[in-house]
Amino acid sequence: MDGPGVVIVGAGHAGGSAAAYLRQYGHHGPITLIGDEPCLPYQRPPLSKAWLKGEVGEEELQLRPPGFYEDQAIAVRLGATASRIDRAAKTVWLTDGAAIPYDKLILATGARARRLPAPGADLQGVFTLRTTADAEAIKAELAPGRRVMIVGGGYVGLEVAASARTLGAEVTVIEREPRLLARVAGEALSGFFHSYHGARGVRFVLGGAVSAIEGRAGRACAVVLDHGERLPCDVVLVGVGAVPNEALAQQAGLPCEDGVVVDLQSRTEDADIYAIGDLTRRPLPLYGRSFRLESVPAALEQAKQAAADITGHKPPAPEVPWFWSDQYDLKLQLAGLPFDVDRLVVRGEPSTARFAVFHMSGDLIQAVEAVNAPAEFMGGRQLIGARRPVARERLADPAISMKEVAA
Amino acid sequence: MAKITYIEFGGTEHAVDVRNGLSVMEGAIKNNVPGIDADCGGACACATCHVYVDEAWREKTGTASAMEESMLDFAQNVEPNSRLSCQIRVTDALDGLIVRLPEDQH
C-alpha cells in the first residue's frame, strides 16, 4: 500500500512510540515523523535524574537506536516545525514551506516548560528543563559548591534538587505554596520529601513567591522574594509546570480546553486526526471527568490507542494513570489521581522511608503514593482499576500483606 | 555480545544480537520486538517488561531483587521463571538466552 500514510507531528516519547507501534501493529504504508528538536526521539524522564548525574549516556537515552527508523521505513524530519494544518486538503505545512499530505495525522507536540512571570526570568543562568539541550546546559552548571536556586517544589524541582545535591551543589528550593508537591500529593508525602531532602542539605523556602531575578552583567546572581529577601545564587532552575503546545490544533479549529480534546481512542473531533501525550485532555472514566495527564505512561498508552485505531488492531486495555519519580535512593511510584478524596490512609512508617499513602473516597482507593513500596503501588493500582472497596483498617495494617489486601 | 531469542506469545521468534551492558529489555526495544512495553524505560517501576526465562537459563540470569519480586508478585500470569527483563544485564555468559513473552503486559 502506498499513498500519504500516517504523519506524526512531534518526535518526543509519544510521537516516536506511535511510529513504532504502527509498525508493530502491521501498518505497511508510509510513516513520517516530524520533530522540531534536532535529535531523534529520546526519553525525557532521565534528564532530571540518572542522565543529569552522568549515570546513563546518550545511547541509553534514545527511545530507539538510529538505525531503527530506516529499518522500519519511518521517514524522520528533524529540526522541522509544523506551522499549519489544512484539514480539507489533509496536508501539514512546515515553516520551511514544505507541504506534507496525510491520510491520518497524529499530533504529539507535547508541552513546554512554563516560564516564570517575573523580571529577570530571561537572564543567562536561568533555566527550565524539558529537552536534552536544556539538560546539557544545566549539567554544565552543576558542580560542588555552586549555588543552585530551584523555583518550584514539584517533581522536576525535587528531582533536580536531589541530582544537584548528589553532585555537590548547594541547593535551595523556593515553593510558592506552604508545602512541597502541594498540587499533586498528600501532606504526608510532602512532609516526607521535605525532611528527606532537608536531611541531605537542601534548604527550603515555603510560601515564597519570586518577585524578580537579579542579574549582573546579564547573568542571574540572586532571586528576590516578594517580601524582599534576596537569595544570592549562581544558577536558577525554574520548574513551575508545563503548558500544552496546542497552537497548531487551535489553528486547525480542533477543540482545545487546556489540551486538545480527545476520546478514549485518542481521536480528536476530526476522524483523521489523533492527538496523544502531554498535549491532550483525555477522558478518565474512573474519575468521571477529563484531565490533562503529563506522564510517559499516559503518552505510551495513547500512542498505542492511536496506532491500534489506525491499524484496526485490538485496542490496549485501559490503564490506571501512573508515574514514578527517583530521588536519591527513593523510588516513588504513584497510581491514580487524588480526586474526591475524603481521607488519607498511611500504611507503614514514613520515617523508615518505606511507606504508602492511600487517598480514599469512602472505601474506594482513588490514588496511591508509594515510597520504596512496590507491592503497595502494584496492589493499589489494581484495586483502583477494579473499583473494589477496601476496608481502611486492613489497608493501614502492614501485618496484612498487600497481596491479601488486594485478593 | 549475546544472541538472545525472544519468543512472542503467538510463537514468533526474534533472534537478535544484544551488546553487553544493555538489559534484556533494551535488547527487545532496540530491535522493535513486540510484546515488551517497558513503559518506565528500565527504572523497575512498572512491570511491563515481564518475560519467562527458559529453564536452561534460569541460573545464569540470576535471581530477582526484593524490589523486582514485589513488582512481579502483582504482574499477571507469573510463573517461577518470571523476571522483569529490565533487571537482567547482558553479558557474554547469556549468549544463546531464550525468553518467552506473556500474552500482554498488564
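Look up: the structure comes first, before these words.
Overview of the structure. (Residues numbered from 1 in each chain as written. Chains lettered and ligands numbered in written order. Predicted model: local features only at pLDDT ≥ 70, side-chain atom pairs only at ≥ 80, totals over all residues.)

## Here's the deal with the overall build of chain B
At step 1: Looking only at helices and strands, chain B has two helices and five strands in total.
At step 2: Here the C-alpha radius of gyration of chain B, 12 Å, is about what a compact globule of 106 residues would show, namely 13 Å.
At step 3: Principal-axis analysis of the C-alpha atoms gives chain B an extent of 30 × 25 × 25 Å.
At step 4: Of the contacts formed within chain B by residues at least 6 apart in sequence, a portion of 64% connects residues at least 24 apart. (Helix = DSSP H or I, 4+ residues; strand = E, 2+ residues; numbered from the N terminus. Rg over C-alpha atoms; globule rule 2.2 N^0.38 Å. Contact = placed C-beta atoms within 7 Å.)

## Some thoughts on the overall build of chain A
At step 1: Per the secondary structure count, chain A includes 11 helices and 26 strands.
At step 2: The C-alpha radius of gyration computed for chain A amounts to 22 Å, which stays within 12% of the reference 22 Å derived for 407 residues, consistent with globular compactness.
At step 3: A principal-axis box enclosing the C-alpha atoms of chain A has dimensions of 65 × 60 × 35 Å.
At step 4: Counting only residues that meet the buried cut, chain A has 47% of its 407 residues in that class.
At step 5: By sequence separation, contacts in chain A at least 24 residues apart represent 61% of the contacts at least 6 residues apart. (Buried ≥ 20, exposed ≤ 12 C-beta atoms within 10 Å, placed from the backbone.)

## Points about the interface of chain B and chain A
At step 1: Of the residues lining the interface, 16 residues belong to chain B; the matching set on chain A comes to 23 residues.
At step 2: For the side of chain B that touches chain A, the secondary structure elements donating two or more residues are helix H1 (24–30) and helix H2 (66–73) of chain B.
At step 3: Among the elements that line the side of chain B that touches chain A, the one with the most residues is H2 of chain B, at four residues.
At step 4: Split into classes, the residues belonging to the side of chain B that touches chain A amount to nine nonpolar, four polar and three charged. (Nonpolar A, V, L, I, M, F, W, Y, C, P; charged D, E, K, R; others polar.)

## With respect to the nonpolar core
At step 1: Counting residues in each nonpolar core, the largest one holds 150 residues, and the members touching the most others are Ala 18, Leu 107 and Val 236 of chain A.
At step 2: A total of eight residues in this core trace back to one element, the largest contributor, which is helix H8 (residues 296–311) of chain A. (Core = buried A, V, L, I, M, F, W, Y, C linked by C-beta atoms within 7 Å.)

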